[in-house]
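Tertiary structure, described
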Amino acid sequence: QVQLVESGGGLVQAGGSLRLSCVASASIFGFNALGWYRQAPGKQRELVAVFTRGGITNYADSVKGRFTISRDNAKNTVYLQMNSLKPEDTAVYYCYLKRITDKWGQGTQVTVST
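These lines cover the structure that appears in this document, whether it is placed above or below.

Once that is clear, we can look at the side chain of T77. By the element assignment, T77 lies in strand β8 (residues 77–82). At 2.8 Å, the side chain of T77 and the backbone oxygen of K75 are in polar contact. In contact with T77, other than residues within four places in its own chain, are S21, C22, V23, I28, R71 and D72.

One recurring pattern in soluble globular proteins is that nonpolar side chains are buried together. Counting 29 residues, the largest nonpolar core has W36, V48, F67, V78, L80, M82 and Y93 as its most contacted members. Elements represented by at least two residues in this core include exactly β3 (18–24), β4 (33–39), β5 (46–52), β7 (67–72), β8, β9 (91–98) and β11 (108–113). Ignoring any residue separated from it by four or fewer positions in sequence, one finds M82 in contact with G16, S17, L18, L20, R66, F67, Y93 and V110.

So, about the pairing of β4. Along β4, six of the seven residues are buried, which leaves the element largely enclosed by surrounding structure. Summarising the sheet, β4 and β5 pair through six bridges and their orientation is antiparallel. Bridge pairing in β5 places R38 opposite E46. A loop of six residues connects β4 with β5, the two strands running antiparallel in sequence, and G42 in this loop sits at a positive phi of about 80°. Here seven bridges tie β4 to β9, and the two strands are oriented antiparallel to one another. Bridging from a neighbouring strand, Q39 pairs with V92 of β9.

Next up on the list: unusual backbone geometry. Unlike most non-glycine residues, N76 shows phi in positive territory, near 55°. Looking at the element boundaries, N76 is found in the loop between β7 and β8.

It is worth spelling out the pattern of salt bridges at this point. Inspection of every chain in the model, using the stated rule, returns five salt bridges. The partner of R38 in a salt bridge is D89, and the shortest N-O contact between them spans 3.0 Å. Pair noted here: R38 is in strand β4 and D89 is in the loop between β8 and β9, with a separation of 51 residues, a long-range link. Here R38 matches D89 in class, with each residue buried. The partner of D102 in a salt bridge is K98, and the shortest N-O contact between them spans 3.5 Å. Given a relative accessible area of 44%, D102 falls into the partly exposed group. The network of salt bridges with shared partners includes R38, E46, R66 and D89.

What counts and how
- Every residue gets a number counted from 1 within its own chain, in the order that chain's sequence is written.
- A pLDDT threshold of at least 70 governs which residues receive local features in this predicted model, and a stricter bar of 80 or more applies before side-chain atom pairs are shown or counted, although totals over entire chains, interfaces and linings include all residues.
- The side-chain values count all of the structure's non-hydrogen atoms but skip hydrogen atoms and water molecules.
- Here a helix means four or more residues in a row that DSSP labels H or I, a strand means two or more in a row labelled E, and each is numbered from the N terminus.
- Definition of a polar contact: a pair of N or O atoms within 3.5 Å, with one able to donate and the other able to accept a hydrogen when the atoms are protein atoms, and with sequence-neighbouring residues admitted only if both atoms are side-chain atoms.
- Contacts were defined at the residue level, with two residues in contact if any of their heavy atoms lie within 4.5 Å.
- Take the buried residues of types Ala, Val, Leu, Ile, Met, Phe, Trp, Tyr and Cys, join any two whose side-chain atoms come within 4.5 Å, and each joined set is a nonpolar core.
- Whether a residue is buried, partly exposed or exposed follows from its accessible area with a 1.4 Å probe, protein chains only, as a fraction of its type maximum: under 20%, in between, or over 50%, in that order.
- Pairing between strands is defined by DSSP: at least two bridges between them are needed.
- One side-chain nitrogen of Lys or Arg within 4 Å of one carboxyl oxygen of Asp or Glu is enough to make a salt bridge.

Listed below in structure tokens is the structure:
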């Protein structure tokens, strides 16, 4: 079973930037979906940005123009560059991989202060 490990979360002021990384323990080549979800306290988990098969990207409307998803297949890593952060971006961010079944990382906390 592939393992996903997120890093790069932390505390940042509104308007700042963070870059999240997710390293997989095996090749990410051949995925059906790969990317990021987030969950804020008291809210359900929501899609942030994902690659679908063929490299097509999908972003939540709330992050379009601010966040960018990318990947490095040689490093088995997917990234999320987050710019112009807002307090409402505060959440635990989870790496996600789907082949036949879903696989989730443990999450990394992002906190945006005013």
